[in-house]
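Examining the three-dimensional arrangement
One letter stands for each residue in the lines below.
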Amino acid sequence: MSRRLAGQGKPESRRWAPDLSRGVQGLASHGEVDRSALESVVGKACESRHMRILFIGDIVGAPGRRIIRDRLADILAQQEIDLCIANGENAASGFGITPRIVEDLLAAGIEVITGGNHIWDRREILEFFPHEPRLLRPANFPESSPGSGLYIGRTKGGAGYAVLNLQGRTFMTPLDDPFRLSAALLGRIPPEIKIIVVDMHAEATSEKQAMGWHLDGKVSAVIGTHTHVATADARILPGGTAFITDVGMTGPHDSVIGMEKEGVLQRFLDALPARFVVAQDNVQMNCVLIDADESSGRARSIERLCFRLD
Ligand SMILES: [Fe+2]
Ligand SMILES: [Fe+2]
C-alpha cells in the first residue's frame, strides 16, 4: 500500500465549488433570488476551478509498465486527477518506446507521453510518431525529426492544456537552444490555454533549475526528468510555476537508475563494455501532483508522491 493511498482521501482544497443552495439562501434574505449576486457566485466558482495534474517520472522497462498497469487507474480515481503526463523514453527494456507500449500507456490513463534522449532507440517509433500526437519528443531536436515537442489538448472535463517537452544540452547532445526555443513555442499556444506543463529533460541540475527560473510565471510547471533520482526541491516559484529538478523514476529502485546494479558496477570497476539489463526489485512510481488554477495557469501546490507495488 502506498503511503499516499493509505487512509488518505482527497484534499479539502479540491475544486472550490460553492454550495449554490447556501449561496442563494444567503443572498435572498427576503425570499427572492438576486440573480446578479447568484451569477457572481457562479462566476467565482468558474474562476476558481483547479486542475490536478499527475506527472510520472521516467517509466523504465517491464517493471515500470507493470506498476502503471496495476496501480495507475486507482491512483487517478483516488487522487481525482484531471490530467496525467508521463515520461516514457525508457519504457521498452530501458531504451526507447514502441508503438504498442505507447498505446498501452495511453489506455492505462496517461494522456500525454513525453520523451528524451532515448526516445529514438526503437526504430519502429519513427514511423509511428505522425500517427500519435500525444507522444512527444523534445522540441529542440532538428525540425526534420519525426513528431512534435508540443501537444495541446483538453481534459475529459473540457479544460485546455499544453505540454511542452524540451531537452538540455549540458553533457548531452548539442541540440537547439531550449531556452530561446521555449519562448517561440509558448507563443504558438493559444492565449486561452492557461495550463502549460514543461518536461525539461536534462542531465545537469543547474540547467533544469535555470529553465525553471526562465519560465517562472510563464507556465504552470517545469518538471525535470532524465536523471531518474527524485530531488527534494519541489516548490512553487515566485511567479506561480511549480518546479522540481527531477521527478524520479517509475521502475525498479534496487538498481542503478533502473538497470541491474551488477553490470553497471562492473563497468565502473573495469571500464569494459557491459550489457545493461533492467532490474526487477523494489518497483516504485515516482511522481508529482500539481494543483493549478485553470483560469490563471498558476500552480497552487506541488507534492512529491511515491507509490509501490504491493
Ligand atoms: Fe533521458
Ligand atoms: Fe530516462
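Anything mentioned here points back to the structure above.
Structure report, in brief.

Conventions adopted
- Along each chain, residues carry numbers from 1 onward, in the same order as the chain's sequence is written.
- Here every chain gets a letter starting at A, and every ligand a number starting at 1, in the order they are written.
- The predicted origin of the model limits local features to residues at a pLDDT of at least 70 and limits the giving and counting of side-chain atom pairs to 80 or more, whereas totals for whole chains, interfaces and linings rest on all residues.
- Counting from the N terminus, the helices are the DSSP runs of H or I reaching at least four residues and the strands are the DSSP runs of E reaching at least two.
- Counting other C-beta atoms within 10 Å of each residue's C-beta, where C-beta atoms are placed from the backbone, gives the exposure class: buried for 20 or more, exposed for 12 or fewer, partly exposed between.
- We call two residues in contact if the C-beta atoms placed from their backbones are at most 7 Å apart.
- Should DSSP find at least two bridges between two strands, the strands are taken to pair.
- Geometry is summarised by axes, namely lines fitted to C-alpha atoms with helices restricted to the contacting stretch, and by angles between N-to-C directions that run from 0 to 180 degrees.
- We call a crossover right-handed when, viewed with the strands running away from us, the connection from the first strand over the helix to the second turns clockwise.

Quick notes on the overall build of the chain
Secondary structure assignment for the chain yields eight helices and 13 strands. Across the 310 residues that make up the chain, the buried fraction comes to 43%. Across the chain, every contact between residues at least 6 apart in sequence was considered, and the portion connecting residues at least 24 apart equals 66%.

Here's the deal with the sheet that holds strand β8 (residues 221-225)
Strand order in the open sheet formed by six strands is β5-β6-β7-β8-β10-β9, and the pairing between neighbours is mixed. Across the chains shown, the open sheet's two edge strands, defined by having one partner strand only, are β5 (150-154) and β9 (235-236). Pairing geometry for strand β6 (residues 160-167) and strand β7 (residues 195-201), over seven bridges, is parallel. Note that in β7 the partner of leucine 166 across the bridge is methionine 200. The strands that helix α7 (residues 205-215) touches are β7, β8 and β10 (242-244); relative to β8, the one it contacts most, it runs at about 170°.

Regarding the environment of serine 301
Relative to the helices and strands, serine 301 is located in strand β13 (residues 299-308). According to the C-beta neighbour criterion, serine 301 is partly exposed, with 17 such atoms within 10 Å. With 67 residues separating them in the primary sequence, serine 301 and alanine 234 have C-alpha atoms 9.2 Å apart.

Thoughts on the environment of phenylalanine 129
Positionally, phenylalanine 129 belongs in the loop between α5 (124-128) and β5. It is 9.6 Å that separates the C-alpha atoms of phenylalanine 129 and serine 145, two residues lying 16 residues apart in sequence. If we skip the residues at most four places from it in the chain, phenylalanine 129 touches Leu135, Pro146 and Gly147.

Remarks on the pairing of β7
Burial runs high along β7: seven of the seven residues are buried. Of the two faces of β7, the one carrying Ile195, Val197, Asp199 and His201 and the one carrying Ile196, Val198 and Met200 are both buried. Handedness of the β6-helix α6 (residues 178-187)-β7 crossover: right-handed. Taken together, β7, α7 and β8 constitute a β-α-β crossover, and its handedness is right-handed.

Treat this as a map of the structure, not an account of what it does.
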